Amino acid sequence: MASVAELKEKHAAATASVNSLRERLRQRREMLLDTDVARYSKAQGRAPVSFQPTDLVCCRTLQGHSGKVYSLDWTPEKNWIVSASQDGRLIVWNALTSQKTHAIKLHCPWVMTCAFAPNGQSVACGGLDSACSIFNLNSQADRDGNMPVSRILTGHKGYVSSCQYVPDQETRLITSSGDQTCVLWDVTTGQRISIFGGEFPSGHTADVQSVSINSSNTNMFVSGSCDATVRLWDIRIASRAVRTYHGHEGDVNSVKFFPDGHRFGTGSEDGTCRLFDMRTGHQLQVYSREPDRNDNELPAVTSIAFSISGRLLFAGYSNGDCYVWDTLLAEVVLNLGNLQNSHDGRISCLGMSSDGSALCTGSWDKNLKIWAFSGHRKIV
Amino acid sequence: MSVLTCVIESMGSSCSRPHSLNEAEAAENAKSADIDRRILQETKAEQHIHKLLLLGAGESGKSTIFKQIKLLFQTGFDEAELRSYTSVIHANVYQTIKVLYDGAKELAQVEPDSSKYVLSPDNQETGEKLSEVGANLDYPLLNKETVEDVRKLWQDPAIQETYSRGSILQVPDCAQYFMNNLDRLAEVDYIPTKEDVLHARVRTNGVVEIQFSPLGESKRGGEVYRLYDVGGQRNERRKWIHLFEGVNAVIFCAAISEYDQMLFEDETKNRMMETKELFDWVLKQRCFEKTSFMLFLNKFDMFERKIQKVPLSVCEWFKDYQPTAPGKQEVEHAYEFVKKKFEELYFQSSKPDRVDRVFKIYRTTALDQKLVKKTFKLIDESMRRSREGA
């Protein structure tokens, strides 16, 4: 029987071996990657997307939260938005009229994520309570205006950082957690259908921050983590990740599938966004800001979203900037943070409406803002 | 329908039809206004509540403080709650004996005088059996037979020898207390006492909170507190600490008795160094720029006993410590030295514009109810004074 010391030695040797293989792999990829999306597009003579500062305007400011906004989600059908705040509330807004339709006081105020169910009748939220709570918006509020929870999904051993319903399936939801796992839940029974990571090898080795389900193939989803990687999962095979994507140099705070479902974007604490090819694992493009004059640390990317065609990549930053990137040419076409009426603090979340006509941003300044495309171009 | 189109249309309509908004819109507006009113009301109602956040490394005593507050200022634990701790306490017994048994095996392999750590063959068999039980997450309840087994093992000289080396293993602080009470714990109608509950070690899963009023809520001028313990999160604090921006005070627990112990999560790391790093990190967080800090130098009772046997200087942070005379004076001298180190760290880690936030140090022994009560009385006074001054 091996002694503890021997096992420790073996472990160290194995780790060193994995690291050297990983480095060789990285070098090989670099060799094969002779260009990135931007350089190729420019070489092809692609014109930058024409964008004026007036093409995207802040048409609504949603006020009402008494604490920092942490998360938001649009309904797939109507133009409703649910937002979660450090004040311990979920608020449901009619985006067209900016009126509030529901305000739900949560049992655990430390909420970090919220999501709308595909039919728009329920909302899910989770946070430091390490659980995901589901509310049916049609339930009767009690005398004090409090809404009953319809289900609590427990099982995570750490905070719930993000949640997303499987498109077109009211009954299934995927969560990501500080316990390094993602979980697929059956909402009707409250059971965990599958656990991705954790005890199984090839799972994340640090807190998972974000998930994105591929709308073109809902069996696949990606997860971004503090271990600086993104992992691709097939929900039918929980025992190992399909692929791991390296490249970022810090926590991956946000992941989003590209509209065609073959690529996905990421946003990280390292200040960059990246575009990866799902199938090959190649890092197709890095979206990197100019360092500022004082050479301060780059602000972190907190959340990202693609326009409906994918030509635009929206990225929210910890310093309140909200860049609109030309995905193809890797250039910033607009900074919503510089416009009139912009947020006064960190952008913590953002999301595109399902018809692609508006972007909603949420901030630590306690507000949400809706930015609509105007002028000749309604939708990009 | 695109959002902007709707905005333009509704702008037009509200200008030209001030009196005849259709019913649905009116109802929607009324509901929204209602919600705004309710939010305002609820926010106002909570403004006077002092929010306190308990922070500290694992096993610094946060949960014990939390339980003490519950016992002191709330209705304490009712019978159902006390009973709910039975399985936890029994699990603690199995966990403890397993750590000791596995520890003895390991020491027997790596220590030069290994014979000290070898159990009698009979006890080895018992040890293997108990270790198996401890390996599952679903512990059975203790009964007369298992208690006999546990006691036999506990009394084996090899196990006692291992226990004396407890600081290099992960032997929980509650070990001695539970081993001394085995018979009572295994009684058929056992209901945990408050003291049993205070010693019990359970990992909370998320965040626990408790609202209390030291003077009683009915008394006028009685301050209301809400205490949060986020001890259950074993992950990246930086990802959620900012949720607590706006709390009135951080209560940071540091177990000063652990200067010679290693972390549970990483046995190469000294616990005191971990606490030092954590305190430094918390002090520098932007979200706590204006937050008061209460530093609890905890587990003083264990510190007192340990200082006689293990010099402070074994911890890198305290390596410049010079002992004076043995005995009671030494304890005070050592304590003042540690306190000074924390003070220095506080001022080093606080930017100039933060130096005037409130910072107080308290010597505590979380298991000592009277002391905790006294400490909270002091904190209560301090918070009231700072609120009046503000």
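Reading the values: rules and limits
- Residues numbered from 1 in each chain as written.
- Chains lettered and ligands numbered in written order.
- Predicted model: local features only at pLDDT ≥ 70, side-chain atom pairs only at ≥ 80, totals over all residues.
- Heavy atoms only, no water.
- UniProt positions renumbered as here; feature names shortened; annotations may be inferred.
- Helix = DSSP H or I, 4+ residues; strand = E, 2+ residues; numbered from the N terminus.
- Buried < 20%, exposed > 50% of the residue type's maximum accessible area, 1.4 Å probe, protein only.
- Contact = heavy atoms within 4.5 Å.
- Buried area = accessible area lost by both parts, 1.4 Å probe.
- Salt bridge = Lys/Arg side-chain N within 4 Å of Asp/Glu carboxyl O.
- Polar contact = N/O pair within 3.5 Å; in protein donor to acceptor, adjacent residues only side chain to side chain.
- Phe/Tyr/Trp six-rings, centres within 6.5 Å; stacked < 30°, edge-to-face > 60°.
- Lys NZ or Arg CZ within 6 Å of the ring centre and 35° of its normal.
- Pairing = 2+ DSSP bridges.
- Axes fitted to C-alpha atoms, helices over the stretch in contact; angles between N-to-C directions.
- Arc of directions from axis to C-beta.

For chain B, an unreviewed UniProt entry supplies the name Guanine nucleotide-binding protein alpha subunit and the organism Digitaria exilis. Recorded under Sequence similarities (unreviewed entry), the UniProt text for chain B is reproduced unchanged: "Belongs to the G-alpha family."

Naming follows an unreviewed UniProt entry, where chain A appears as Guanine nucleotide-binding protein subunit beta of Digitaria exilis. The record in UniProt for chain A states the following under Sequence similarities (unreviewed entry): "Belongs to the WD repeat G protein beta family."

Would you mind going over unusual backbone geometry with me for this structure?
Negative phi is the rule for most residues except glycine; trans is the rule for most peptide bonds. Residue and element names in this part refer to chain A. A positive phi is found at Gln180, a non-glycine position, where the angle reads about 75 degrees. Here Gln180 shows up in the loop between strand E11 (172-177) and strand E12 (181-186). With a phi close to 70 degrees, Asn341 is a non-glycine residue in the positive phi region. By the element assignment, Asn341 lies in the loop between strand E25 (331-335) and strand E26 (347-352). Classification of Asn341 by relative accessible area gives partly exposed; the value is 48%.

Just checking my understanding: could you explain the environment of Lys105 of chain A for this structure?
With respect to the helices and strands, Lys105 of chain A occurs in strand E5 (residues 99-105). The exposure class assigned to Lys105 of chain A is partly exposed, which follows from its relative accessible area of 26%. Residues Lys105 of chain A and Phe51 of chain A, 54 residues apart in the sequence, show an inter-C-alpha distance of 41 Å. Leaving out residues up to four positions away in the same chain, Lys105 of chain A has contacts with Asp87, Gly88, Arg89 and Asn146 of chain A together with Glu42 and Glu46 of chain B.

What exactly am I supposed to notice about the interface of chain B and chain A here?
Frequently, the measure chosen for interface size is the accessible area that the parts lose on association. Facing 38 residues of chain B, the contacting portion of chain A comprises 51 residues. The junction of chain B with chain A conceals about 3700 Å² of combined surface from both sides, 55% of it contributed by carbon and sulfur atoms. Counting across the chain B and chain A interface gives six salt bridges. Arg89 of chain A is the partner of Glu42 of chain B in a salt bridge, and the nearest nitrogen-oxygen pair spans 2.6 Å. Our count for the contact surface shared by chain B and chain A stands at 18 residue pairs in polar contact (both at pLDDT 80 or more). Elements with a contribution of two residues or more to the side of chain B that touches chain A: helix H1 (3-16), helix H2 (23-46) and helix H5 (86-110) of chain B. If you tally residues by element for the side of chain B that touches chain A, the top one is H2 of chain B, at eleven residues.

Whenever I open this one, the packing of aromatic side chains confuses me. Can you help?
We describe a pair of aromatic rings using the distance from one ring centre to the other and the angle between the two ring planes. Residue and element names in this part refer to chain B. Within the structure shown, the criterion is met by 37 aromatic pairs over all chains. Linked through ring pairs, Phe252, Phe279, Phe288, Phe293, Trp317, Phe318, Tyr321, Phe337, Phe342, Tyr346, Phe347 and Phe359 together constitute an aromatic cluster. Here the basic side chain of Arg363 rests over the ring of Phe300, its NZ or CZ set 4.2 Å away from the ring centre.

Can you help me understand the sheet that holds E26 of chain A in this one?
Hydrogen bonds between backbone groups are what pair the strands of a sheet, and the pairing can be parallel or antiparallel. Residues and elements named next belong to chain A. Strand order in this open sheet of four strands is E1-E28-E27-E26, and the pairing throughout is antiparallel. Only two strands of the sheet have a single partner each, and these edge strands are strand E1 (56-62) and E26. The sheet shows a mean angle of 25 degrees between the axes of neighbouring strands, taken without regard to direction. By the bridge criterion, five bridges tie E26 to strand E27 (residues 358-363) in an arrangement that is antiparallel. When the sheet's bridge partners are listed, Leu350 is paired in E27 with Thr361.

Can you help me understand the pattern of salt bridges in this one?
Side chains bearing opposite charge may pair, as long as their charged atoms lie close to each other. In the structure shown here, the tally under the stated rule is 42 salt bridges over all chains. In this structure, the salt-bridge partner of Glu79 of chain B is Arg83 of chain B, at a minimum N-O distance of 3.2 Å. Note that Glu79 of chain B and Arg83 of chain B are positioned in helix H4 (residues 79-84) at a spacing of four residues, about one turn of the helix. A salt bridge links Lys269 of chain B to Glu274 of chain B, with the nearest nitrogen and oxygen atoms 3.1 Å apart. Judged by its relative accessible area of 24%, Lys269 of chain B falls in the partly exposed class. Counted as one network, the salt bridges with shared partners bring together Asp251 and Glu269 of chain A together with Glu236, Arg238 and Lys239 of chain B.

Would you mind showing me how to read helix H8 (residues 157-164) of chain B here?
Because each turn of an α-helix spans 3.6 residues, side chains separated by three or four positions end up pointing in the same direction. All names here are of chain B. For H8, the full list of buried residues reads Ala158, Ile159 and Thr162. Projected down its long axis, H8 carries its buried residues within an arc of 100 degrees, all on one side. Those residues of H8 that are exposed and angled more than 90 degrees off the buried face are Pro157 and Ser164. Looking at the packing, one finds that the buried side of H8 touches H5 and helix H7 (144-155). Its side-chain oxygen at 2.8 Å from the backbone nitrogen of Ala158, Asp156 defines the N-terminal cap of H8.

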